[in-house]
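Inside the fold
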Amino acid sequence: MSLGGVAVAQSQTGSIFGQAPAAAGETVVATNSSGLTREVAVDSSGRFQISNVPVGVYTVSLKKDGAIVDTRKDVALSPGAGASISFNAAPAGTTSLGAVTVSANALPSIDVSSVNSSTIITAAELRKLPVARNAESIALLSPGTTSGSGYFNGPGNHALVAFGGSSVTENAYYVNGYNTGEPYKNLGGFQLPYGAIDQQETLTGGYNAKYGRSDGGVINQIGKRGTNEWHFGGQVTWQPRFLQSTPTNNYYGHPAVPASTSQVNYALENPALAGTLHQYRNDNKQWETIYSAYLGGPLIQDKLFMFLAAETTKTQSNNVEVASAGLVQYNTDKDTKFYGKLDWNITDSNILELTALDNRSSTGAGKTYQFDYSTLKSGAFVTPNDVVKDNAQFYLAHFTSYITDAATLSILYGKAHFQDPTIYGESSVSSLPYISRPYNQNPALLPPGTGPNGITNGQTNTSWSSDKASNGTHGLRVDFDYKLGDHDLAVGIDNMSYQARNQGPNQQNPFNPALNYYWRYLTGNRVQKREIGWQTSMTMTQKAYYLQDDWQVTPNLLLDIGIRNDHFTNFNDLGKAFVDEKNQWEPRIGASWDVNGDSSFKIYGNVGRYYLALPDNAAERAANISTYLTTNYSYTGIDANGVPTGVVALGPTTSPDGEQGLPKDTQEVTARNLKPEYLDEFILGFDKKLNDEWNYGAKAMWRDLKTAIDDECSPTKIETKMQKMGLITTTDLFDANSGYYNSLYGASYCRLINPGQTNTMLVKSDDGTQSHLISMSQQDWGYIQGVKRKTGSLNLYLEHPFDGKWQARIDYTFTRGFGNTEGQVRSDFGQADVSKTEDWDSWQLMDGANGELANVRKHQFRIRGAYQISDEWLVSGTLLAQSGYPKECLGYYGTGGSGDAYYGVGAPGDPSGYNNYGSGNYHWCHGVRMPAGSIGHTPWTKQLNLGVHYTPAFADHKLGINLDIFNALNGQKPVQTDPTGESAYDPGSNTISIGNSYGDGIFFQPPRTVRLSVTYDY
C-alpha cells in the first residue's frame, strides 16, 4: 500500500489509506463533520490514499460507479498519522442496506504509515484522565519525558518538561501549526485553553525533514473547530485548600564535615542552624478556581464554521520563605486564555483557516508580611508584591489547496505579540538593598537575641526587570506536496523572525536610582557588594528549506527520505549579526515495514540529524553590554536593615567574566566558524497486535550530542597561543603591554564557541591596526574532553485501546544518560543563561563534569487507563513511578592546598575566580572529584492520580460531575537537592565551610490535592 503523504511534528493533517476490491469505476470518499469532502480513485491494484486532510473524525465510503456500497464510520485521524481502512470484505457486525454495508471502525490498526515516535492524546481521553490542565502534564504521559527542574518555569508559571535527556530549552511548541514557544529563552510555550484542545501530539523523536529547530521534543496542540452542528458547554473547576494535604516542613540537615587536614580546616557554615527549621512549609498551600466555556457551529452549513473558547483561572497561595528571609507572601495569580477559529470551505478543493489565540498571565499579585519563625506567625506588612505578567496574542492564517488528487499546496502565515513586564510594588523597603545570606553575618555585631538567621530588611530583588519588556514573532511556512507513482514528494520553506525589547535584569533600583548593588555576606567578617545587570534588546531570524520523499518501495515497505537546510542568524541590540550559521544540512531517513501486509505488525527505524538555534537570549551577556562586578569588604557593624557599616575594601572591584558595562565587538565575541548545536538520533522499534484487543511493542533510541554552543571565559589560553605563534612577544599573562590586552581581557572576555571543536577566534590589536584569526583546538583550551551528552533508552509497552468499555496502557522505560553537559542551561543551580552557562568557561570547571545527566531517570513506569463501569460512571487513573535525580557536590577545585594562595581568587583552588571566597562552582569537594550521580540519587517518586466521573442519564449524559485526586499517595519526596557542598572559604582561619543546606531538598513533590468539577456539554 502507498503510505506516504503523512506530515508530522507541527502537522495538522493526516492521511487515510487502505485496500478495496480492484474494479473499474471505484472511488473512496471521506467526509468530516465540518463539511470537508475528499474523493480519490482506487488504483488497479485496489489501493487508495487520501493525503493531507485535517485531523478529526471521518466517514469513509467506497463508491462503485458513483453509488456508495460500503462505509466505515468514526474513522479518527490524528496529526502526522495514517488511518488504515479495508473494504476487502464486509466485516462482522456490519448492517446491510441493500447493496450498501455500514460499520463502525474497528479498534485502530497499527499505523504503518508513520516512522516517528509520538504520543497522541485526544480530547476524549483528556475528559477521562486525571491530568493537570496544561500541555506539559499531558506531555509527561509520553515515555522518555521527565519534569524539568523547579528552577525553570514557562508562561503561566507552568513547570517544564525535558525529552530524551535534553535540556528544557531544546523543545518546540506549536498551536495549529505555528510556533508558540516562549520567544526570549524558549522556556516553555503558550498553549490552548484546556477545553479547546482537540488533540495534543507529543513527539519524542524521529520526525522528518519538514520540521526542525528542536533536539529535545515537540508539543503540538491542535485546536477544536466548528462542525455542522451547534455545540456549546462550560465547566467550573474547584481545587479547594481544605482538601489539600499539608506540605512537609524542610529542616536543615546535618551534612558530614570532613576532618581537617594539615593544609586546611573544615567546619559547618553555621553550626547553630543544624537541625533547625529551614523553611516552614505547612502553610504553603494553594487553591484554585477555573471557569471555562465554548461555542461552536456552522455560520453557513457545509461552508463556514466558527469555534470560540475561553478559560480563566484564579490561583491563590501562601508562600512562607526560608527562615533567613523571614517573609511570607499571600499571592493571587490569574491566567486567562481565549481561542477563536474560523474554517471556510471556499470550495471542495480550497480551505482557509483563521486562528486567534490570546494568553494573559499575571503572577504574584498580593502582599508580603514579616514572618516570625519563633512563633510561626505572620507579622507586620512589608511591601506589595511584585507582579510578573506574561501575555501573548497570536494571529494565524492557513490556506490549503487540493490542486489535484496528487498535488496539495499549504501556506501558513502567523504573527504574534508578547508583553512580559514586571510591575514592582512600592513600600518603605523598596529603596533598600537586598541582603543575601544574612546567616553569615558576624554574630558579635548583632543585637542580642537576633538568632542564627541574621538581619534582613524585606527587600526581595537583587536586580530589576523592565515594565516595558516585549517580544514579537512572525513566520511563513509554505509546503507543496505532489504524489508521483510510488513517491510522495514534498518541498517547502519554513521561516521565523524574532524581536525582543527591554529584556533581562537591570541593576538600577527604580525606587532609588543611586542604588545599583546588593550585599552578600560571607564567612569571616566579610561582605561582598554585587552589581549585576544587562537589560537589552535583540533580534533573530531562522530560515529553512527542505526536500522530502515518502517512497513506497514495495506494498509493505515505506522509506521516508528527506534533507533539510537551516540558516540561523542572531543580532545584537545594534542590529549587528554576531551568529550567522549557514548551510546546516540535516539528513533524515526513516523506514516502516508492514511485515504481514495487514497493519498488524510494524518494524520501523529512523536515523536523523537535528539542529537547534540559539534563542534571542543568546545576545544577552554574549554580544550586548553587560555588568557583573563584585567587591569584597570587611565591616565593623550591621544596621537595623541588615546593611553593613564601617566597610573597608579588601581589594579592587573585579568581574569574573570581564563584564564591566562596556560595548562588545560582535566579531570577537563568537568563534568565526561557529556551528549550531546538533545531535544525531537513531531509533529502532516494532509495534504488533497481540490479538484483536491488545497491542504491544518496543523502541530503542540512541541520542548523541555532536556539537554544543557555550561561552569560554579563558582569554589567557588565547594569549598563550598567540605567544607561541609569536604574535605577542611579552611573556607574562594579563600583560597590559601585550598590544592585545583590550581585545583579550576587555568586554569580549567571554566568547561563544563549540567546545571540543577547533574554534577560530578573532583578536584585534589595541591600536586597531592589526587583527588575527587564532585557531584554538581542544588542547589549546585545556579541556580534558569535548562535548559529551549521550542518551540511550529502551521502552516496552502494552496497550488496550478504548473499546467503549475500557482502555489501558503500560510503559516501562530504561534510560542511561551520561556526559559533561546538560545542554543550553544548568538545572543543578538553575542557571538560565542560555548557552552561556558556567560550563566550558574554563577547563577546571569541566574537570569532573562527566557524570549522569540531570534530565534522565534510569527507570520509569507509566500506567494510564479508564474503565466505564456503566453508561453513567467512569473511573480512571495515571501512575508515574520513577527513580531519582543525580546528586552532586560543588566546591573548591583540586586535591587541596593551604591559605589564600591556594583558595583565593585566581589561585589553584579557584582558578576561574567564580567562587570568590563564596559558594563552590567546581565538580570537586574535599579534594575529590564528585561528578553528578557519583554520590547517589534522590529517592524514587510515585505519582498516582485517580479520577471518578459521573454523567447522569437524567441529563442525557450532557452533565458531568468529576472528582480527581492528584498524588493520591501523598508522597512528598525531594526531587532535587542543594548541590553546594563547600559554601565559603575564610582566609583568616584557613577554613572551608560546608553548606548547612547541602544535600537538603530544594524542590519536592507537591502534596495531595483534590479537584472537583462540573461540566455541561450540549
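In the nomenclature of an unreviewed UniProt entry, the protein is known as TonB-dependent receptor domain-containing protein of Rhodanobacter umsongensis. For the protein, the Subcellular location (unreviewed entry) comment in UniProt is given as "Cell outer membrane".

As a further point, take the overall build of the protein. Within the protein, the secondary structure is distributed over 8 helices and 61 strands. Rg of the C-alpha trace for the protein: 30 Å, near the compact-globule value of 31 Å for 1018 residues, within the 12% margin. Here the protein holds 1018 residues, and 60% of them are scored as buried. Of the contacts formed within the protein by residues at least 6 apart in sequence, a portion of 73% connects residues at least 24 apart. Here the protein has roughly 37,100 Å² of accessible surface; of this, 56% comes from carbon and sulfur atoms. When the 76 positive and 96 negative side-chain charges of the protein are each reduced to one mean point, those points stand 2 Å apart.

Looking now at the side chain of Asn250. As for its position among the elements, Asn250 is in strand S18 (residues 250-251). The exposure class of Asn250 is buried, given its relative accessible area of 8%.

A word on the confidence of the model for the protein. Summary statistics for the protein give a mean pLDDT of 93 and a share of 97% for residues scoring 70 or more. Counting contacts from residues 1-9, a segment whose pLDDT is below 50, to residues more than four positions away or on other chains yields 57 contacts. Taken as a whole, residues 89-106 scores under 50 in pLDDT and shows 28 contacts with residues more than four places along the chain or in a different chain.

As a further point, take the UniProt feature "domain: TonB-dependent receptor plug" (unreviewed entry) in the protein. UniProt's entry tags residues 115-217 with the feature "domain: TonB-dependent receptor plug" (unreviewed entry), counted in the numbering of this structure. Helix makes up 11% of residues 115-217 and strand 26%. Its end C-alpha atoms lie 15 Å apart.

Going through the model one piece at a time under the given rule, you end up with 2 disulfides. The disulfide partner of Cys713 is Cys750, and the S-S distance across this bridge is 1.9 Å. Measuring the twist about the S-S bond at about 115 degrees, one finds the Cys713-Cys750 disulfide to be right-handed. Of the two residues, Cys713 is situated in the loop between strand S44 (710-712) and helix H4 (715-725) and Cys750 in the loop between helix H5 (741-745) and strand S45 (751-753); the sequence distance between them amounts to 37 residues. Of the two residues, Cys713 and Cys750, neither departs from the other in class, the shared state being buried. Once the disulfide-bonded cysteines of the protein are ranked by sequence position, their pairing pattern turns out to be 1-2, 3-4.

Quick look at the pattern of salt bridges now. For the structure shown, the criterion picks out 39 salt bridges. Lys341 serves as the salt-bridge partner of Asp343, at 2.6 Å between the closest nitrogen and oxygen. Among the residues examined, Asp343 registers a relative accessible area of 2% and is labelled buried. Accessibility expressed as a relative area gives 3% for Lys341, which makes it buried. One salt bridge connects Arg588 with Glu586, and the closest N-O pair in it is separated by 3.1 Å. The exposure class of Arg588 is buried, given its relative accessible area of 2%. Owing to a relative accessible area of 0%, Glu586 belongs among the buried residues under this scheme. Shared partners join several salt bridges into a network, and the residues in it are Arg213, Arg477, Asp479, Asp494, Arg564, Asp566, Glu586 and Arg588.

Counting 50 residues, the largest nonpolar core has Phe578, Ile718, Met722 and Leu744 as the members making the most contacts within it. Excluding residues within four positions of it along the chain, Ile718 makes contact with Glu712, Leu744, Arg751, Met761, Val763, Ile774, Met776 and Trp781. Of all hydrophobic cores here, the second largest spans 27 residues; its members include Val175, Phe190, Tyr339 and Ala392.

As summarised here, the arrangement of the 5 strands in space is S29-S32-S33-S38-S41, forming an open sheet in which the pairing is mixed. The open sheet has two edge strands, strand S29 (435-436) and strand S41 (648-649), and neither has a second partner. Pairing of S29 with strand S32 (residues 518-522) involves 2 bridges; the strand directions are parallel. Residue pairing for S32: Ile435 is matched across the bridge by Trp519.

A few words on the packing of aromatic side chains. Considering all chains together, one arrives at 42 aromatic pairs under this definition. For the ring pair Tyr517 and Trp519, a centre distance of 5.6 Å and an interplane angle of 80 degrees mean the geometry is edge-to-face. Judged by its relative accessible area of 4%, Trp519 falls in the buried class. Their ring planes at 90 degrees and their centres at 6.2 Å tell us that Phe601 and Phe686 sit as a pair that is edge-to-face. One end of the pair, Phe601, is in strand S37 (residues 601-612); the other, Phe686, is in strand S42 (residues 677-689), and 85 residues separate them in sequence.

The rules behind these values
Residues numbered from 1 in each chain as written. Predicted model: local features only at pLDDT ≥ 70, side-chain atom pairs only at ≥ 80, totals over all residues. Heavy atoms only, no water. UniProt positions renumbered as here; feature names shortened; annotations may be inferred. Helix = DSSP H or I, 4+ residues; strand = E, 2+ residues; numbered from the N terminus. Rg over C-alpha atoms; globule rule 2.2 N^0.38 Å. Buried < 20%, exposed > 50% of the residue type's maximum accessible area, 1.4 Å probe, protein only. Contact = heavy atoms within 4.5 Å. Areas by Shrake-Rupley, 256 points an atom, 1.4 Å probe, with all protein chains shown as cover. Lys, Arg positive; Asp, Glu negative; His and termini not counted. Charge placed at Lys NZ, Arg CZ, Asp CG, Glu CD. pLDDT = per-residue confidence, 0-100. Disulfide = S-S within 2.5 Å. Salt bridge = Lys/Arg side-chain N within 4 Å of Asp/Glu carboxyl O. Core = buried A, V, L, I, M, F, W, Y, C linked by side-chain atoms within 4.5 Å. Pairing = 2+ DSSP bridges. Phe/Tyr/Trp six-rings, centres within 6.5 Å; stacked < 30°, edge-to-face > 60°.

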